[in-house]
Each structure stands twice: as structure tokens, then as C-alpha cells.
Amino acid sequence: MLNIVLFEPEIPHNTGAIARTCAATGARLHLIKPLGFDISDKMVKRCGLDYWWLVDISVYENLDEYFKKNGDENLFLATTKAPRDYSEADFRGENVSIMFGKETAGLPEALREKYRDRCIRIPMVSDARSLNLSNSAAILAYEALRQQGFPGLKSTGEMSE
């Protein structure tokens, strides 16, 4: 199972796009508060997130609660500050989790240092600060799923024989 973990996400549209990726892939979505938006049923429907019912979502009051409930086995931290790129990561374990930081500040330095050997980055030109959060989550989610053999995902479309 793939877990996408968002630490203090701030922009509702990014989280909505990531939720859609989770819905399409069967990945679990974990949100660590504070959130920069409301995820009540009323607000979700207002944003047109008609696929929300497909998302297996958990919300945590803080980082400590997340780790207490989930541990840190098979955890990767996505950060532009990582010493290695994601092609070196082995996502084939059970319950792989990829954690992303908030849009304006990323993941806390103390967390990055604690899990330095599990920090990964998406390669990009040196003048680019970062990719959009939802794009980054999609790239790494599909790489993890590719390594796992796309478990449970439909592999053919209407054009197949």
C-alpha cells in the first residue's frame, strides 16, 4: 500500500489534486494539521471533488500523532534539499509512505536531518526552486507504484484487443 503524507498543506487545490491522484491509484492520503483549508463535506462538495469518496483519508492533529499511529518504517521524505534523487529509492516495501512538506516552507529541518538517508528529490534545473506540490506527489506516487508493479490498477484501456 502506498501512503501519501502531507505535512501542514496550505493550498486546497494542491491537496484536491493529490486526493484525486490517491483516488485514481488507491493510495492512502494522510493530512497533518494545521491545514490551510476546510475539508468538511460541505466544502469538499463545493470544490467539486466528486471523487472524494474514493479517497482513504486520515487526518492527524500533529506530526507526533502521525508517527505514533503509523511509525516510520518505509518512510521517504520528498524535499528539494535532499542529497539524492528518487531514482535511488526502493519503494517496493509494504506500506511505503512518501511525506511532502507545506508549500511555503517544505518539511522542518529537524525532520529532514533525522531521516537524512530517506530524503529524496526530483531532479530539476538549478534555477528552479521547486515543482508544484501536486505534480511532485504524482511523480513520486507513480514511480513507487511502478516499482511495485502497479498493484490493483487497471493496466489497459478501451483500445486494447
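Higher on the page you've got the structure.
Description of the layout of surface pockets
Phase 1 of the analysis: The calculated volume of the largest pocket comes to roughly 480 Å³.
Phase 2 of the analysis: Taken together, 25 residues form the lining of the largest pocket, with T80, K102, G106, S130 and L131 sitting closest to its centre.
Phase 3 of the analysis: Of all the elements, helix α5 (residues 133–147) adds the most residues to the lining of the largest pocket, at three residues.
Phase 4 of the analysis: In terms of residue class, the lining of the largest pocket is made up of ten nonpolar, nine polar and six charged.

Some words on α5
Each full turn of the α-helix corresponds to 3.6 residues, which orients residues three or four apart in the same direction.
Phase 1 of the analysis: In this model α5 runs 21 Å from its N-terminal to its C-terminal C-alpha over 15 residues, within 8% of the 21 Å that 1.5 Å per residue would give.
Phase 2 of the analysis: Of all the residues in α5, the buried ones are L133, S134, S136, A137, L140, A141, E143, A144, L145 and Q147.
Phase 3 of the analysis: Those residues of α5 that are buried lie in contact with β1 (2–7), α1 (12–25), β4 (75–78), β5 (96–100) and β6 (119–120).
Phase 4 of the analysis: One or two steps after α5, the chain reaches G149, where phi turns positive at roughly 85°.

Some thoughts on the environment of L133
Phase 1 of the analysis: Within the fold, L133 resides in helix α5.
Phase 2 of the analysis: We classify L133 as buried; its relative accessible area is 12%.
Phase 3 of the analysis: For the pair L133 and L6, spaced 127 residues apart in sequence, the C-alpha separation works out to 9.5 Å.
Phase 4 of the analysis: Those residues in contact with L133 that sit more than four places away from it in its chain are N14, I18, F100, G101 and E103.

Re the environment of D64
Phase 1 of the analysis: Tracing the chain through its elements places D64 in helix α3 (residues 63–70).
Phase 2 of the analysis: Considering only alpha carbons, one finds D64 and R116, 52 residues apart in sequence, at a separation of 18 Å.

So, α1
Phase 1 of the analysis: A rise of 1.5 Å per residue sets the reference length of α1, with its 14 residues, at 20 Å; its end C-alpha atoms lie 20 Å apart and thus fit the reference within 8%.
Phase 2 of the analysis: For α1, the elements touching its buried residues are β1, β2 (28–32) and α5.
Phase 3 of the analysis: Taken from the residues just after α1, G26 is the one with a positive phi, measuring 80°.

Some details on the sheet that holds β1
Phase 1 of the analysis: The sheet built from six strands is open, its strands ordered β3-β2-β1-β5-β4-β6 with parallel pairing. The sheet is open, and its two borders are formed by β3 (56–60) and β6, each paired with just one other strand.
Phase 2 of the analysis: By the bridge criterion, two bridges tie β4 to β6 in an arrangement that is parallel. In the strand pairing of β6, A78 is matched with I120.
Phase 3 of the analysis: Packing against the sheet, α1 makes contact with β1 and β2, and its axis sits at approximately 150° to β2.

Calculation notes
- Residues numbered from 1 in each chain as written.
- Predicted model: local features only at pLDDT ≥ 70, side-chain atom pairs only at ≥ 80, totals over all residues.
- Heavy atoms only, no water.
- 1 Å grid on protein atoms, 1.4 Å probe; cavity = no way out; pocket = protein on both sides within 12 Å on 5 of 7 lines; lining within 4 Å.
- Points joined across faces, edges and corners; volume = space filled by probe spheres on them.
- Helix = DSSP H or I, 4+ residues; strand = E, 2+ residues; numbered from the N terminus.
- Nonpolar A, V, L, I, M, F, W, Y, C, P; charged D, E, K, R; others polar.
- Expected span 1.5 Å × (residues − 1).
- Buried < 20%, exposed > 50% of the residue type's maximum accessible area, 1.4 Å probe, protein only.
- Contact = heavy atoms within 4.5 Å.
- Pairing = 2+ DSSP bridges.
- Axes fitted to C-alpha atoms, helices over the stretch in contact; angles between N-to-C directions.

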